[in-house]
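What follows is each chain in one-letter form.
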Amino acid sequence: MKVDFKAIEEKWQKRWLEERVFEPDRNAKPKEKKFYITVAFPYLSGHLHVGHARTYTIPDVIARFKRMQGYNVLFPMAWHITGAPIVGIAERIKNRDPKTIHIYRDVYKVPEDILWKFEDPKEIVKYFMKAAKETFIRAGFSVDWTREFHTTSLFPPFSKFVEWQFWTLKDMGLVVKGAHRVRWDPVVGTPLGDHDIMEGEDVQILEYVIIKFILEENGEKIYLPAATLRPETVYGVTNMWLNPNATYVKAKVRRGDREETWIISKEAAYKLSFQDREIEVIEEFKGEKLIGKYVKNPVTGDEVIILPAEFVDPDNATGVVMSVPAHAPFDHIALEDLKKETELLLKFDIDPRVLEDITYISLIELEGYGEFPAVEEAEKLGVKSQRDKEKLEEATKNIYKAEYHKGIFKIEPYKGKPVQEVKELIAKELQEKGIAEIMYEFAEKPVISRFGNQAVIKIIHDQWFIDYGNPEWKGKAREALANMTIYPESRRAQFEAVIDWLDKKACARKVGLGTPLPWDPEWVIESLSDSTIYMAYYTISRHINKLREEGRLDPEKLTREFFDYIFREDFSEEKEKELAEKTGIPAETIHDMKEEFEYWYPLDWRCSAKDLIPNHLTFFIFNHVAIFRREHWPKGIAVNGFGTLEGQKMSKSKGNVLNFIDAIEENGADVVRLYIMGLAEHDSDFDWRRKEVGKLRRQVERFYELISEFSSYEAKEGVELKAIDRWMLHRLNKAIEGTTKALEEFRTRTAVQWAFYTVLNDLRWYMRRTEGRDDEAKRFVLRKLADVWVRLMAPFTPHISEELWEKLGGEGFVSLAKWPEPVPEWWDETVEAEEEFVKAFIEDVKEIIRVAKIENPSRVYVYTAPEWKWRVIEVVAEKRDFKSAMAELMKDPEMRKHGKEISKLIQRLIKERAFEVKRIDEEKALREAKDFIEKELSVELIINPEEDRGGKKKQAMPLKPAVFVE
RNA sequence: GCGGGGGUGCCCGAGCCUGGCCAAAGGGGCCGGACUUAAGAUCCGGUGCCGCAGGGCUUCGCGGGUUCAAAUCCCGUCCCCCGCACCA
């Protein structure tokens, strides 16, 4: 039988919408019975694919589950359109970029006539919002659509809400203005995000400390700023390095109201001009001009000579390097090289003896090394000259790492401190004294922008930040987190780390869709920053939407005062009246909004994929604790993993994407939902495999057929049940318990395993065990099972569950039906143990037949353990040691008859730690299952005969009867 | 570099917190059987090694330790994945 999933799905989706099944009424239930769950709204630059499906299905399943548990559930949805990508797409469509057109026409299947409208970003937004909503409806998501909205100034009421949020943060001093470094295209003049970079998108930005050595020339004070990543080594400088062939400049460097004269490489002058310095080049010359001159170390006061070195790269930092041969392999080797080049020295008019006089200065105590680690390491790796670049780099890396992590500084005033600490201290101190500055530089080159230009690092001013570095704020965020439930709990550590590391976050930019910063409208609030507390907006959104529809809303009148009242203040009739006048919204409606917010908040659950932990989810915590009162702080976060397609990462540019809607079209929403929920747990990733989905589809069809069949049965109360019937009901209880527990913890995979597979397998076993039976007891069991099973499956496969619920004559929607609870009288651990015993027995006999290679067995003799052995087990379980168990047992004269055997048995039991054995009536269990066992094994089963066939009888142990096969 | 998370049988993946019932759930694949004219679907069995009686042996990245007992705890080590921001 083919099940027409599509027809069933459409039918119920229509009914749900018509009867407003998922629009909660806050007056229906007390606040203790409310359940508010949200999921990160989708960014709509295209269709949702199956990789996204899990993120949205989880909260829906939980919402459905909670609804059935009797909660008043709010599960809203909105759309995120803030940011640059959509604008970028529009631009690329306009430019007829073939790649973009391919994606939108062929992968997303946008009709041609609509595609060209995409030159306007608003059209993109319009199209995909509609598509996403349709997808969600067709996925069967139990969303309250009355609260739908989207972000940016295209939806003014929400924009006003964001404005309010930012004013509030600003007043608290949490939005600050400052400088910020960005990757920058110097030709086009724009900041470069990751996707704006053609080459080198993952290159790190390093913070060089540039230490200004002093060169006195004709009484003029000139600085020679040496760039280093190890400022602490300034105490060990023996000389300076310049590249004699590189071009250097003498330039006036202005920063603020300070002006100095520097000598740096030509490249450095250019790069520094983007980093808060005004550079005026006075003179250009080759590095050789300065070789042999002396400069003064600004920290130690030492006079050191400038020497030539070809390893100095003028395009790295300042092109000026200080030499610390004791701890830097490059410096050591360069000095060794130079000693051999007398001619070169003479050319620069340097007395070779100067080199001989250079004494290495040891700064760092490092275990496993002597005074000069750099020298040792270079030797160890067999470095011969500066040209052994690879080896030298390795040596440098080794030494740097070792000294940084394990080194102890030897020079006062930092003596005895770990290098790691000293480095920070010195860098800070030197900067404070004006001896050193910071220069940003790429760790590798080249870094090319998508415009094809060599990128630089620029310091931008007037940038607005949200100051997540604020220690007080961090404290509150930590407090909130500590009181939250995180699923999976193992992610908590990451949240803690993120809260610790988070610092100033640029919150506005000059391009893209969004809400303008209310006090500085040139800036648009950036997309991660405008969606941190919108869960609060949902609570009043339906009123806003209604007012809007009725044309009774002037968004401009949604002032700070209005939002303050709703979200941050106490109830006040007076205030409501006042606001009614100011906003034009009826006082009752304002009151209603306030009540609704107070009812739904705090948010019970926030769901999202795990990639949002380092940003959105943590911002969500931060912004909540800043703006809302403690009682409104969020209660839980559940994160989930991503999806791949047949083992491959989904990539729209490569075309291997399966759109969510296409998957639904192909398999039906219920199958897709069940598949995705059963595939992975919590934050682990899942892999979509077409073949498996197909298989599942058939199983779901089977489920449908089974329940359809059982629906005709009558559950007549009071019929006498056989052991196997009770077993089935007991197992059903377990499935209820297992599913419920798993769903409470967002463990969808375990839940599906219980709700679907375990029940299916148990049912299979039950049918096998009861084959040929057709009696009232069996019908009773199957009918009960159907009732329970449909409800257990309803969160996962809501459409066919509705259909089946209707067939079963259930009242109303299964979506609102009561979630099953274990039936107390169904519990029967004994019958389960007996059934397991029977199963194990069959397995054992099969094993014997197999191993002993018995052909055509005809009879199986089974001997269950005698009573006294059970007694021994019980006593051992209680006493747990040989002496007292033996003593206890020997009190009984019946037992004494078996004294010797008992002593052996006790020893064995203690050795095996067999302390937990559930007592069952083995003989009864075997007799009840006799027919079945005989059929399974195709033998005659003889239970506990007098005659000891094969002399096996004495082997009988509790739960392990003696067996003889003939 | 800093931070977070992992390494389990042919593959995916549970178990690890709270050591024992773990040769290790559940899928998938593969092999065999039943059903069928056949294919498919479905059902049953097998899938570390050895074993003519239900047993034994060796396994959970690698090395060591704790324990009567370790996939699970501790120490060391190797390898892998992810994030590092103005970007959704």
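So, how was this worked out
Residues numbered from 1 in each chain as written. Chains lettered and ligands numbered in written order. Predicted model: local features only at pLDDT ≥ 70, side-chain atom pairs only at ≥ 80, totals over all residues. Heavy atoms only, no water. Helix = DSSP H or I, 4+ residues; strand = E, 2+ residues; numbered from the N terminus. Contact = heavy atoms within 4.5 Å. Areas by Shrake-Rupley, 256 points an atom, 1.4 Å probe, with all protein chains shown as cover. Buried < 20%, exposed > 50% of the residue type's maximum accessible area, 1.4 Å probe, protein only. Lys, Arg positive; Asp, Glu negative; His and termini not counted. Salt bridge = Lys/Arg side-chain N within 4 Å of Asp/Glu carboxyl O. Axes fitted to C-alpha atoms, helices over the stretch in contact; angles between N-to-C directions. Parallel < 35°, antiparallel > 145°, perpendicular 65-115°, else oblique. Left-handed = near helix turned anticlockwise from the far one by under 90°. Nonpolar A, V, L, I, M, F, W, Y, C, P; charged D, E, K, R; others polar. Pairing = 2+ DSSP bridges. Phe/Tyr/Trp six-rings, centres within 6.5 Å; stacked < 30°, edge-to-face > 60°. Lys NZ or Arg CZ within 6 Å of the ring centre and 35° of its normal. Patch = residues over 30% accessible without salt bridge, like charges linked within 9 Å, V, L, I, M, F, W, Y side chains within 5 Å. Near = heavy atom within 4 Å. Polar contact = N/O pair within 3.5 Å; in protein donor to acceptor, adjacent residues only side chain to side chain. pLDDT = per-residue confidence, 0-100. Core = buried A, V, L, I, M, F, W, Y, C linked by side-chain atoms within 4.5 Å. Charge placed at Lys NZ, Arg CZ, Asp CG, Glu CD. Expected span 1.5 Å × (residues − 1). Arc of directions from axis to C-beta.

Some remarks on the overall build of chain A
Part 1: Of the regular secondary structure elements, chain A holds 35 helices and 31 strands.
Part 2: Principal-axis analysis of the C-alpha atoms gives chain A an extent of 120 × 85 × 55 Å.
Part 3: Contacts in chain A between residues at least 24 apart in sequence constitute 76% of all its contacts with a sequence separation of at least 6.
Part 4: Total accessible area computed for chain A in this model is approximately 43,000 Å², and 48% of it derives from carbon and sulfur atoms.

What to know about the side chain of E922
Part 1: One can find E922 in helix 34 (residues 922–928).
Part 2: Among buried charged residues, E922 stands out as having no salt bridge; its nearest opposite-charge side chain is R919, 8.0 Å away.
Part 3: Not counting residues up to four positions away in its chain, the partners in contact with E922 are F837, T864, A865, W870, M957, P958, L959 and P961.

Remarks on the packing of helix 17 (residues 534–549) against helix 20 (residues 587–600)
Part 1: Two elements in contact, helix 17 and helix 20, have axes separated by 8 Å at closest approach and are oriented at 155 degrees. Our classification of the angle between helix 17 and helix 20 gives roughly antiparallel. Relative to helix 20, the crossing made by helix 17 is right-handed. Contacts between helix 17 and helix 20 involve A536, T539, I540, R542, H543, I544 and L547 from the former and T589, D592, M593, E596, F597 and W600 from the latter.
Part 2: Within the contact of helix 17 with helix 20, the residues separate by chemical class into seven nonpolar, three polar and three charged.

A few points about the sheet that holds strand 31 (residues 962–965)
Part 1: Strand order in this open sheet of three strands is 30-29-31, and the pairing throughout is mixed. Looking at the sheet topology across the chains shown, the edges are occupied by strand 30 (940–943) and strand 31. Sheet twist, expressed as the average angle between the axes of neighbouring strands with direction ignored, equals 20 degrees.
Part 2: Pairing analysis gives four bridges linking strand 29 (residues 859–863) to strand 30, with the strands arranged parallel.

Details of the packing of aromatic side chains
Part 1: If you walk through the whole model with that rule in mind, you get 66 aromatic pairs.
Part 2: Pairing Y127 with F128 gives two aromatic rings, centres 5.0 Å apart and planes at 90 degrees, and the pair type is edge-to-face.
Part 3: Exposure remark for F128: the relative accessible area of 1% places this residue in the buried category.
Part 4: For the ring pair Y534 and Y538, a centre distance of 5.7 Å and an interplane angle of 65 degrees mean the geometry is edge-to-face. With Y534 and Y538 both in helix 17 and four residues apart, the pair spans about one turn of that helix.
Part 5: You can call Y534 buried: its relative accessible area is 1%.
Part 6: Here the basic side chain of R64 rests over the ring of W16, its NZ or CZ set 4.6 Å away from the ring centre.

Some details on a nonpolar patch on the surface
Part 1: Taken together, the side chains of V187, V188 and F451 present a nonpolar region at the surface, about 270 Å² in accessible area.
Part 2: Inspection of the secondary structure puts F451 in the loop between strand 18 (448–449) and strand 19 (456–467).

Digging into the protein's contact with RNA strand B
Part 1: Around RNA strand B, a shell composed of 50 residues is seen, among which Y43, H180, R509, S527 and N615 lie nearest.
Part 2: A distance of 3.4 Å is found between a phosphate oxygen of RNA strand B and a side-chain nitrogen or oxygen belonging to K695.
Part 3: Note that a sugar or linking oxygen of RNA strand B is positioned 3.1 Å from one of the side-chain N or O atoms of R749.
Part 4: Residue contributions to the surface near RNA strand B peak at six residues, all from helix 29 (residues 829–851).

Some remarks on the confidence of the model for chain A
Part 1: Looking at chain A as a whole, the pLDDT averages 90, with 99% of positions reaching at least 70.
Part 2: The element-level mean pLDDT for chain A is lowest in helix 33 (residues 899–912), coming to 77, with strand 2 (residues 72–74) highest at 98.
Part 3: ipTM for the predicted complex: 0.92, alongside a pTM of 0.88.

Brief notes about the sheet that holds strand 19
Part 1: Ordered by their spatial adjacency, four strands build an open sheet running 4-3-19-21, and the pairing between neighbours is antiparallel. In the strand order of this sheet, the two ends are held by strand 4 (190–191) and strand 21 (504–506), each with one partner.
Part 2: Alignment of strand 3 (residues 175–185) against strand 19, held across nine bridges, turns out to be antiparallel. Directly across from V176, in strand 19, lies its bridge partner F465.

Things to note about the nonpolar core
Part 1: Ranked by internal contacts, the top residues of the largest apolar core, which has 145 residues, are W688, F756 and W789.
Part 2: In this structure W789 touches F703, L706, I707, A755, F756, V759, L760 and L763, once residues within four positions along its chain are discounted.
Part 3: Counting 72 residues, the second largest nonpolar core, distinct from the first, contains L74, I499, L547 and Y601.

Comments concerning a negative patch on the surface
Part 1: Together, E199, E201, D202 and E444 make up a negatively charged patch on the protein surface.
Part 2: Along the polypeptide, E444 turns up in the loop between strand 17 (436–442) and strand 18.
Part 3: Classification of E444 as exposed rests on a relative accessible area of 53%.

Let's talk about the pairing of strand 3
Part 1: One ladder, built from two bridges, connects strand 3 with strand 4; its direction is antiparallel. By the bridge assignment, W184 is partnered in strand 4 with P191.
Part 2: Between strand 3 and strand 4, which pair antiparallel one after the other, the connecting turn spans four residues, and G189 there sits at a positive phi close to 80 degrees.

Some points on helix 29
Part 1: Here helix 29 contains 23 residues, and its C-alpha end-to-end distance of 32 Å stays within 8% of the 33 Å for a straight helix at 1.5 Å per residue.
Part 2: Immediately beyond the C-terminal end of helix 29, within one or two residues, lies K853, with a positive phi of roughly 50 degrees.

Quick notes on the side chain of T739
Part 1: Along the chain, T739 falls in helix 25 (residues 723–744).
Part 2: Polar side-chain contacts of T739 include one of 3.4 Å to the backbone nitrogen of A755.
Part 3: Ignoring any residue separated from it by four or fewer positions in sequence, one finds T739 in contact with A751, W754, A755, L792 and W819.

Looking at helix 15 (residues 471–482)
Part 1: Its twelve residues give helix 15 an end-to-end C-alpha distance of 16 Å, which sits within 8% of 16 Å, the value for a rise of 1.5 Å per residue.
Part 2: Those residues of helix 15 that fall on the buried side of the exposure criterion are W473, K474, A477, A480 and L481. All buried residues of helix 15 lie within an arc of 120 degrees about the axis, which places them on one face of the element. Residues P471, E472 and A482 are exposed on helix 15 and point more than 90 degrees away from its buried face.
Part 3: Looking at the buried residues of helix 15, the elements they touch are helix 7 (156–171), strand 19, strand 20 (485–487), helix 16 (492–501) and helix 21 (613–627).
Part 4: Sitting at the head of helix 15, N470 places a side-chain oxygen 2.9 Å from the backbone nitrogen of E472.

What to know about the pattern of salt bridges
Part 1: For the structure shown, the criterion picks out 94 salt bridges.
Part 2: As a salt-bridge pair, D604 and K34 come within 2.7 Å of each other at their nearest N and O atoms. With D604 in the loop between helix 20 and strand 24 (605–609) and K34 in strand 1 (residues 34–39), this residue pair connects regions lying 570 residues apart in the sequence.
Part 3: Under the relative-accessibility criterion, K34 is labelled buried at 6%.

Some remarks on the environment of W870
Part 1: The residue W870 is located in helix 30 (residues 867–879) in this model.
Part 2: Since its relative accessible area comes to 5%, W870 is described here as buried.
Part 3: Residues W870 and M957, 87 residues apart in the sequence, show an inter-C-alpha distance of 8.2 Å.
Part 4: Residues within four places of W870 in sequence aside, it is in contact with A865, V917, K918, R919, I920, E922, P958 and L959.

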